[in-house]
Amino acid sequence: MAEKTEKKTASRKGSKKAKQTLVIVESPHKADTIKQFLGTGYTVKSSVGHVIDLPKSRIAIDVNNDFQPEYITVRGKAKLLKELQKEAKNSSLVLLASDPDREGEAIAWHLNRALKDKTEAEIKRVVFPEITPNVIKEALKNPREIDEAMVNAQKARRVLDRLVGYNLSPLLWKKVKNGLSAGRVQSVALRLICEREKEVEDFIPEEYWSLDAEFAKGKTKFTAQLVQYKGEKPELKNEKEVNRIIDEIKASDCVVSDIKETEKTVRPKPPFTTSKLQQAAANRLGFVSRKTMQIAQHLYEGVQIGTSKVGLITYMRTDSVRISQTAIDDVRKWIGENYPEDLPEEQIEYTVGKSAQDAHEAIRPTYVKYTPESIKEYLTRDEYKLYSIIWERFVSSQMNNAKTKTTSVDIKAGDALFRVSASRLSVKGFYNVIKTLSSKEDVTGNLPSLKMGETFSSGKFYPEQHFTQGPARYNDASMVKVLEEKGIGRPSTYASIIGVLVDRYYVTRNNKQLVPTMLGKIICNILVESFPEVINVQFTSEVETDLDKVAQNELVWNSMIGGFYDPFIKRVGEVMETQESLKGTLDESTDKICEKCGKPMVKKLGRFGYFLACSGFPECHNTKSVPLAKCPREGCDGEIVARKTKGRGKEFYGCTNYPECNFISHFKPIDVYCPKCHWFLVEKFDKKNGAYKSCINPDCDYLHSADEAIEAEAAGEFAKANEEDKKNSSSGK
């Protein structure tokens, strides 16, 4: 018996020695990277995000008990949680290493509650601002307690969003359409997009003209623009005014009347914050915000470089431009070895904004030695692009200023003054590491050597018609910028705010612009009219400020919610009683007849906009596109409808009488008709002019900008789509 007891004691001692340190991170990908940096005494597991959260099926907030949330194990995560509890039981230390932000702190808090009764191990919190061996090992040496204030800030946000969303959504179900949803932050972003759309729709373009003159010296030709006429800035409203000026000056000698040279210093920009990275990726790479953050997450968590995984960038959710001294020392050493003439004597300091939480460094490469070109073979094309702008922005931020030299020449022709300017980089400075610098940025304009008093014979004149441009719709870059400027959301939420609006089809992307759908406009109108105190920028910004105060232990989270809830829920009840229901009113009777059963067709609002449906539903399931305009072709009684290409789902527009009528447009008709020829207008977009309205008639010059290649493509796709319809019809589909 004594022998058995001794064996059991020995077994316990042996198992104690064999116990591991359990490290729990959020992502399996990150877990794989971290494993290779730790020794045999560590086990690394992933929670795959939240394991405990609010249920989706009910509001789950006890409003009579200080708004305490009712948490449950996330559906499908019970098995994973049991595995983590088992690992914790067999460990002597548990380190909760979820992401270093409020959401990550909440995940750690939930894991702690779920594990502490299942193990005797000590449970601590660690954070990894970058996934590199030194940072990870240093973090493991300095574990801390869970930050309860940060957890409360996340809890307050979660509870507030649940109270708003789960009370406004049923209102929309009752008054508009089943299945709709509303959110505290997303609804304000939708309001901004809808208000901008109203400005775009209300804008009426005005005609104006410009006048250029071409001059030549030897073989070099250059073009100057009219900037003054009779000592004043010219306002050329029509072609007649331009031709009058040309007639007056065409016989005049052209004399160089002034030459100015100016030098401008261009300072490098600070390393990226989350919002600035999303803006740069949208503008320079064409990435939507969600894509940018997904790629950045992968670069942060680790990429296979040779035989090991390497976390290539620091944590990608930050509003600070602060950089660690170690990183500054490393980059200055690299610059000194590669561009010694562009290394400043002192390191460059950047000011952190007043509203920045400054919890994390700016986004930067973890190893400067990994230049984009040196690891290009290990990255996907998009990873390489994003990593390149992050690396270039960081390295350039610690380099010398660049300088540009601009030469401006005035040429007098009678009472007219023409001006031409040319710029070039006189000192490249930090631009030496920005490989994405285009030749256009390096040198703009092409001027020969000119002298004061030098004369030219009259050049060729090029009058050009223009139309004033209205306000631009938001794109991902400008939307992120306005969200940041107005204090709506946090860096970690910008991408999801836009993504949710697109996913719900409240907003669509058209030429990379964010355009509200009819459904989005209807929802916005109801919410803004009924809840102006909630669906507004100021309230949303104040909430973010209060959440920061909660995170800093300056405000109790329950009292923050309490001050909002009582008037809000009272207003919800009032709107439920007084708001007129739009159900049924969104469906419109039409004079269209169903060709399958002979009953009238009804115009209905669906998840993806309006469509025509047979009133005989459910017996008849016939649906079709809503006609957008009457076909403008003379003698054709057809209508213009939207179609989509079979492969990429690209939208285009054509006549219902095809192939008898081959009218095709790649551009969407708008409910405005040309004052000259009475064909309908369409909305076009190009980099030079932005969004503008144009007559679809190729023989009409009213705001017309033809694109034959695009129209030819649309014609081919429309023909294919109609052939496909014929096949489906004949086969009974």
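Above this text you will find the structure in question.
Residues numbered from 1 in each chain as written. Predicted model: local features only at pLDDT ≥ 70, side-chain atom pairs only at ≥ 80, totals over all residues. Heavy atoms only, no water.

### Looking at the overall build of the chain
Then step 1. In terms of helices and strands, the chain carries 19 helices and 31 strands.
Then step 2. Summed over all atoms, the accessible surface of the chain reaches about 38,100 Å², with 48% contributed by carbon and sulfur. (Helix = DSSP H or I, 4+ residues; strand = E, 2+ residues; numbered from the N terminus. Areas by Shrake-Rupley, 256 points an atom, 1.4 Å probe, with all protein chains shown as cover.)

### Describing the state of the cysteines
Then step 1. Inspection of every chain in the model, using the stated rule, returns zero disulfides.
Then step 2. Of all cysteine sulfurs in the structure, the one in Cys 636 sits closest to Cys 655, which takes part in no disulfide; the separation is 3.6 Å.
Then step 3. Here Cys 674 stays free of any disulfide, with the sulfur of Cys 700 as its closest cysteine sulfur at 3.7 Å. (Disulfide = S-S within 2.5 Å.)

### Quick word on empty space enclosed by the protein
Then step 1. Overall, the coordinates contain one cavity of 30 Å³ or more when judged by the stated rule.
Then step 2. Quantified by volume, the largest cavity comes out at close to 30 Å³.
Then step 3. Taken together, Ser 181, Ala 182, Gly 183, Gln 186, Ser 187, Leu 190, Leu 501, Arg 504, Tyr 506, Ile 523 and Leu 527 make up the lining of the largest cavity.
Then step 4. When contributions to the lining of the largest cavity are tallied by element, the ones reaching two or more residues are helix 7 (184-202) and helix 16 (518-530).
Then step 5. Considering each element in turn, the lining of the largest cavity owes the most residues, three residues, to helix 7. (1 Å grid on protein atoms, 1.4 Å probe; cavity = no way out; pocket = protein on both sides within 12 Å on 5 of 7 lines; lining within 4 Å. Points joined across faces, edges and corners; volume = space filled by probe spheres on them.)

### Some details on the sheet that holds strand 25 (residues 629-630)
Then step 1. Reading across the sheet, the four strands line up as 25-26-27-28 and stay open at both edges, with antiparallel pairing between neighbours. Each end of this open sheet is capped by a strand with a single partner; those strands are strand 25 and strand 28 (664-665).
Then step 2. The sheet contact formed by strand 25 and strand 26 (residues 639-644) spans two bridges and is antiparallel. Counterpart to Lys 630 in the pairing with strand 26 is Glu 639. (Pairing = 2+ DSSP bridges.)

### Digging into helix 3 (residues 78-89)
Then step 1. The end-to-end C-alpha distance of helix 3, which contains 12 residues, comes to 16 Å, matching closely the 16 Å that a straight helix rising 1.5 Å per residue would cover.
Then step 2. Residues of helix 3 that are buried: Leu 80, Leu 81, Leu 84, Gln 85 and Ala 88. The buried residues of helix 3 occupy an angular sector of 140 degrees when projected down its axis, which confines them to one face. In this structure, helix 3 carries Lys 79, Lys 82, Lys 86 and Lys 89 as exposed residues pointing more than 90 degrees from its buried face.
Then step 3. Residues of helix 3 that are buried in the fold lie against strand 1 (20-25), strand 2 (42-46), strand 6 (72-73), strand 7 (91-96) and helix 4 (102-115). (Expected span 1.5 Å × (residues − 1). Buried < 20%, exposed > 50% of the residue type's maximum accessible area, 1.4 Å probe, protein only. Arc of directions from axis to C-beta. Contact = heavy atoms within 4.5 Å.)

### Section: the side chain of Glu 105
Then step 1. Topologically, Glu 105 is positioned in helix 4.
Then step 2. Within the structure, Glu 105 has its side chain in polar contact with the backbone nitrogen of Asp 147 (distance 2.9 Å).
Then step 3. Setting aside chain neighbours within four positions, we find Glu 105 in contact with Ser 98, Asp 99, Arg 125, Arg 144, Ile 146, Asp 147, Met 150 and Val 151. (Polar contact = N/O pair within 3.5 Å; in protein donor to acceptor, adjacent residues only side chain to side chain.)

### Side note on the packing of helix 7 against helix 17 (residues 537-551)
Then step 1. Two elements in contact, helix 7 and helix 17, have axes whose closest approach is 10 Å; the angle formed by their N-to-C orientations is 145 degrees. Here the hand of the crossing between helix 7 and helix 17 comes out left-handed. Taking contact as the criterion, the partners of Arg 184, Val 185, Val 188 and Leu 192 in helix 7 are, on helix 17, Val 537, Phe 539, Thr 540, Val 543 and Glu 544. (Axes fitted to C-alpha atoms, helices over the stretch in contact; angles between N-to-C directions. Left-handed = near helix turned anticlockwise from the far one by under 90°.)

### A closer look at the pairing of strand 8 (residues 122-125)
Then step 1. In this structure, strand 7 lies alongside strand 8, joined through four bridges in parallel fashion. When the sheet's bridge partners are listed, Leu 93 is paired in strand 8 with Glu 122.
Then step 2. Each parallel crossover has a hand, and for strand 7 linked through helix 4 to strand 8 it is right-handed. (Right-handed = clockwise from strand over helix to strand, strands pointing away.)

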